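# Coordinate inspection notes
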Amino acid sequence: QSTRHQTQGGSVNLHAVAEETRDVLFFDSARIEVEGAKDVTITGVRYEIVRALQNLLKNSLEAGATRIVISIRSAAGRAILSVADNGSGLPPEAMAMVLKKPIESTKPHGTGLGLTICRHIAAAHKAELKVAANPGGGTVFTLEFPLAASGAGLTPKLGRRAIDRADDRLRRDS
């Protein structure tokens with residue numbers, strides 16, 4: 001079975017996933033830094049967390065970011081993964097809508113589905129996806145998951161059909 005279709009939940013170390021995503025998918029890019037706690041673990045599907053992180057990093061790079069910081073910490077029973085960049089940022093009207101419904105991509109070859117996929121993955125992991133302006137310019141996306149200890153026994157029910165349909169559209173449009 002391919003990794004793409006594994007939907008079995010397990011223990012996922014967010015710091016390890018962030019480093020792996022940077023090193024493998026973004027060729028150990030010096031523009032992407034990983035910082036924070038190395039022991040923050042959630043119950044989830046590793047591949048889907050990589051996928052959400054990949055979408056967020058890709059968006060940052062396409063927005064012209066020269067520096068992206070992935071931060072991992074825990075607070076109040078939550079695992080918090082933030083992606084902060086110094087890219088062009090989002091206009092206030094887009095920021096208000098971007099997490100509610102798909103928005104039209106501003107990129108020449110974009111489909112506007114990346115954040116929709118992130119929203120579905122977050123929901124499947126009982127996580128909350130937030131967006132804010134980065135005070136120094138750019139954008140900060142934050143995923144807040146239940147920690148593994150408080151989320152024990154969760155097996156995320158991924159919206160495979162919705163995610164696979166989005167994948168099909170991405171392949172058709174590329």
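Residues numbered from 1 in each chain as written. Predicted model: local features only at pLDDT ≥ 70, side-chain atom pairs only at ≥ 80, totals over all residues. Heavy atoms only, no water.

### A short note on the overall build of the protein
Helix and strand content of the protein: five helices and seven strands. Starting at the N terminus, the α and β elements of the protein follow one another as β-α-β-β-α-β-β-α-α-β-β-α. Buried residues in the protein amount to 41% of all 174 residues. Expressed as a percentage of contacts within the protein between residues at least 6 apart in sequence, the contacts between residues at least 24 apart total 71%. If you sum the accessible surface of the protein, you get close to 9,100 Å²; carbon and sulfur atoms cover 52% of it. (Helix = DSSP H or I, 4+ residues; strand = E, 2+ residues; numbered from the N terminus. Buried < 20%, exposed > 50% of the residue type's maximum accessible area, 1.4 Å probe, protein only. Contact = heavy atoms within 4.5 Å. Areas by Shrake-Rupley, 256 points an atom, 1.4 Å probe, with all protein chains shown as cover.)

### Considering the pattern of salt bridges
Going through the model one piece at a time under the given rule, you end up with seven salt bridges. Among the salt bridges present, the one from Asp-28 reaches Arg-22, with a minimum N-O distance of 3.5 Å. One salt bridge in this structure joins Glu-144 and Lys-130, with 3.1 Å as the shortest N-O distance. Taken together, the positions of Glu-144 in strand E7 (residues 139–146) and Lys-130 in strand E6 (residues 128–133) put the pair 14 residues apart, joining distant regions of the chain. Taking the relative accessible area as the measure of exposure, Glu-144 reaches 16% and is therefore buried. The class for Lys-130 is partly exposed, based on a relative accessible area of 31%. One salt-bridge network, held together by shared partners, links Arg-22, Asp-23 and Asp-28. (Salt bridge = Lys/Arg side-chain N within 4 Å of Asp/Glu carboxyl O.)

### Concerning the environment of Glu-144
Along the chain, Glu-144 and Ser-82 lie 62 residues apart, while their C-alpha atoms are 8.5 Å from each other. The residues contacting Glu-144, other than those within four sequence positions of it, are Arg-78, Ala-79, Ile-80, Lys-126, Ala-127, Glu-128 and Lys-130.

### Section: the packing of helix H1 (residues 14–25) against helix H2 (residues 46–62)
In contact at an axis separation of 10 Å, H1 and H2 are set at 55° when each is read in the N-to-C sense. Here H1 is positioned oblique relative to H2, judged by the angle of their axes. Like other packed secondary-structure pairs, H1 and H2 cross with a definite hand, here right-handed. Side by side, H1 and H2 meet where Leu-14, Ala-16, Val-17, Ala-18, Glu-20, Thr-21 and Leu-25 of the first sit next to Arg-46, Ile-49, Val-50, Leu-53, Gln-54 and Leu-57 of the second. Residue classes in the contact of H1 with H2 are distributed as nine nonpolar, two polar and two charged. (Axes fitted to C-alpha atoms, helices over the stretch in contact; angles between N-to-C directions. Parallel < 35°, antiparallel > 145°, perpendicular 65-115°, else oblique. Left-handed = near helix turned anticlockwise from the far one by under 90°. Nonpolar A, V, L, I, M, F, W, Y, C, P; charged D, E, K, R; others polar.)

### A word on the packing of H2 against helix H4 (residues 114–124)
Between H2 and H4, the shortest axis-to-axis distance is 9 Å and the interhelical angle comes to 150°. Relative to H4, H2 is oriented roughly antiparallel. Seen from above, H2 lies across H4 with left-handed handedness. Residues Glu-48, Ile-49, Arg-51, Ala-52, Asn-55, Leu-56 and Asn-59 of H2 form the contact with H4, whose own contacting residues are Gly-114, Leu-115, Ile-117, Cys-118 and Ile-121. Counted by class, the contact of H2 with H4 contains seven nonpolar, three polar and two charged residues.

### Details of the sheet that holds E6
The strand order across the open sheet built from five strands is E2-E4-E5-E7-E6, with neighbouring strands paired in mixed fashion. Each having just a single partner strand, strand E2 (32–36) and E6 make up the two edges of the open sheet. Pairs of neighbouring strands in the sheet enclose a mean axial angle of 20°, with direction left out of account. Relative to E7, strand E5 (residues 78–85) is paired through seven bridges, and the arrangement is antiparallel. Residue Ile-80 lies in a different strand from E7, and its bridge partner there is Glu-144. On top of the sheet, H1 reaches E2, strand E4 (68–75), E5 and E7; it is set at about 170° to E2, its chief contact. In this fold H2 packs onto E2, E4, E5 and E7, with an angle of close to 25° to the strand it touches most, E5. (Pairing = 2+ DSSP bridges.)

Keep in mind these values describe shape, not function.
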